[in-house]
Amino acid sequence: MSDRLPPLTALRAFEAAARHMSFARAAEELHVTPAALSFQIKSLEEHLGTQVFRRLNRAVELTEAGLALAPGTTDGFQALAAAWRAAERTQDNQTLIVTAGPAFTAKWMAPRLYEFAQAHPEVELRFAAGLKIVDLARDGVDVAIRFGYGTETDHYTLPLAEEWVCPVMTPEMATRFPTVESLTKAPLIFDDSIRFLKPTSDWDTWFRAMGVDFSATTGPRFSQADHAIDAALAGVGVVLGRRALVVKDLADGRLVAPFPTALQTGARFRFLCAEGAQNRPHIAAFRDWIVAEINKNSHITEAMTLIPSKDLTAP
């Protein structure tokens, strides 16, 4: 049996017909006549030496050979399409497609985009906010901002500043709860988006770092960090704010951190792109801008007493 592949046009006709389970719809998609599509599939069957479709009355179904062939041809054409899109993107230094989590997009990216747009009017930014881990090549994404402990080896990866958390609140609320002991009676907000961190960086851990035996159990809980921070900005209560998501509010005075002891989470945001793409002009400009923006507020981290969460595990 020969391993020589049939013509690409025959495989393309088969893939479309197998996906639609209709010669007519496949022909319409490929902009050929049904007769031409049928000829291509017949050519593939002759090449293979067996039928890939059973022709029924007004319908078709895959044979055993067709069922074996269909998944691989679909994956193959999807991979070709992704590779083509990736090749096309190497010629586009104006459009930059970025994916990041909703909280990072809302609290870090959005408030700063005007400055990037002013500095780089030639770059058109497009954002896809979501927690799904995308495939950069397959999904047509240039840059991904990811959070956690990941160490990707198949991409260019730039670790950004390490994340810490500490209590943040409005200036008005800070006057009502001036001491750590009084904070035990404050309305506490829970950001459940960081529950995956190990060891935990929660309210109990922070109070332990302050030498206070207190178990925080009641208060509004949010699955998204930006919603928890918005609640704190509205004066609902005090939240353990993540560095990247509250640093601008702290710098601008909308929130304050009256107890400058922060828990080091060990996690961080990371800048990812395809290996080799980091030097493309618009990607390099975006990366350098992010690093510069982080450095603008480094004094806030420098004012913190940082305690690793791993040193405060409950006995």
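Below, the structure is looked at part by part. As a convention, each chain's residues are numbered from 1 in the sequence order in which they are written. Per-residue local features are limited, in this predicted model, to residues with pLDDT of at least 70; the limit for side-chain atom pairs, both in listing and counting, is 80 or more; totals at the level of whole chains, interfaces and linings are taken over all residues. Neither water nor hydrogens contribute to the side-chain values; these are computed over all heavy atoms in the structure.

Looking now at the nonpolar core. Among soluble globular proteins, nonpolar side chains are generally buried collectively. In these notes, a set of buried Ala, Val, Leu, Ile, Met, Phe, Trp, Tyr and Cys residues joined through side-chain atoms within 4.5 Å is what counts as a nonpolar core. Exposed residues in this analysis have more than 50% of their type's maximum accessible area, buried residues have under 20%, and partly exposed residues fall in between, with area computed by a 1.4 Å probe over protein chains only. In this structure, Phe-104, Val-143, Ile-145, Phe-271, Phe-286 and Ile-290 are the most contacted members of the largest nonpolar core, which totals 41 residues. Secondary structure elements follow DSSP: runs of H or I no shorter than four residues count as helices, runs of E no shorter than two count as strands, and numbering proceeds from the N terminus. Within the residue set of this core, elements represented by two or more residues are strand 3 (95–100), helix 5 (102–109), strand 5 (143–148), strand 6 (156–168), helix 10 (225–233), helix 11 (243–252), strand 10 (261–273) and helix 12 (281–296). Contacts are assigned to residue pairs with any non-hydrogen atoms lying within 4.5 Å of each other. Not counting the four nearest positions on each side in its chain, Phe-286 is found in contact with Leu-96, Val-98, Met-109, Phe-116, Leu-125, Val-143 and Phe-271.

Attention now moves to the environment of Arg-287. Checked against the element boundaries, Arg-287 lands in helix 12. Residue classification places Arg-287 among the buried residues on the basis of a relative accessible area of 14%. Placed 33 residues apart in sequence, Arg-287 and Arg-254 show a C-alpha to C-alpha distance of 27 Å.

Moving on: the packing of aromatic side chains. The rule is short: rings of Phe, Tyr and Trp, with Trp giving its six-membered ring, pair when the centres are within 6.5 Å, and they are stacked under 30 degrees, edge-to-face over 60, tilted in between. Scanning all chains against the criterion turns up 16 aromatic pairs. With centroids separated by 5.2 Å and ring planes inclined at 80°, the aromatic side chains of Phe-23 and Phe-53 adopt a geometry described as edge-to-face. In this pair, Phe-23 is assigned in helix 2 (residues 23–30) and Phe-53 in strand 1 (residues 53–56), connecting sequence segments 30 residues apart. When the ring of Phe-147 is compared with that of Phe-196, the centres are 6.1 Å apart and the planes differ by 90°; the resulting orientation is edge-to-face. Taken as a pair, Phe-147 in strand 5 and Phe-196 in the loop between strand 7 (188–191) and helix 9 (203–209) lie far apart in primary sequence, 49 residues in all. Overall, the relative accessible area of 22% leaves Phe-147 in the partly exposed class. Of the aromatic side chains, those joined through ring pairs into one cluster are Phe-104, Trp-108, Phe-116, Phe-147, Phe-196, Phe-269, Phe-271, Phe-286 and Trp-289. Two limits define a charge over a ring: the Lys NZ or Arg CZ must be within 6 Å of the ring centre, and within 35 degrees of the ring normal. One cation-aromatic arrangement involves Arg-221 over Phe-190; the distance from NZ or CZ to the ring centre is 4.4 Å.

Quick look at helix 4 (residues 64–89) now. Compared with an ideal rise of 1.5 Å per residue, which puts 26 residues at 38 Å, helix 4 spans 39 Å between its outermost C-alpha atoms and is within 8% of the ideal. At Ala-70, helix 4 shows its maximal bend, which comes to roughly 30°, and the proline Pro-71 appears one to four places after that position. Considered for burial, the residues of helix 4 that qualify are Gly-66, Ala-70, Thr-73, Phe-77, Ala-82 and Arg-89. Residues of helix 4 that are buried sit in contact with helix 1 (8–20) and strand 2 (59–62). Between the first and last residue of a helix there are one fewer steps than residues, each counted as 1.5 Å, and that sum is the expected span. At every residue, the bend is computed as the angle between two fitted axes, covering the seven residues ending there and the seven beginning there respectively.

Turning our eyes to something else, we now look at unusual backbone geometry. The linkage connecting Lys-198 with the following residue, Pro-199, adopts the cis geometry, with an omega of -5°. The topology assignment puts Pro-199 in the loop between strand 7 and helix 9. Phi is positive for His-31, which is not a glycine, with a value near 60°. In this fold, His-31 is placed in the loop between helix 2 and helix 3 (34–48).

On to the pairing of strand 5. When you tally the buried positions in strand 5, you get 5 out of 6 residues, the bulk of the element. In the sheet, strand 3 pairs with strand 5 via 3 bridges, with the strands oriented parallel. Note that in strand 5 the partner of Thr-99 across the bridge is Ala-144. One bridge is not enough; two strands pair if DSSP finds at least two bridges between them. Across 5 bridges, strand 5 lies against strand 10 in antiparallel orientation.

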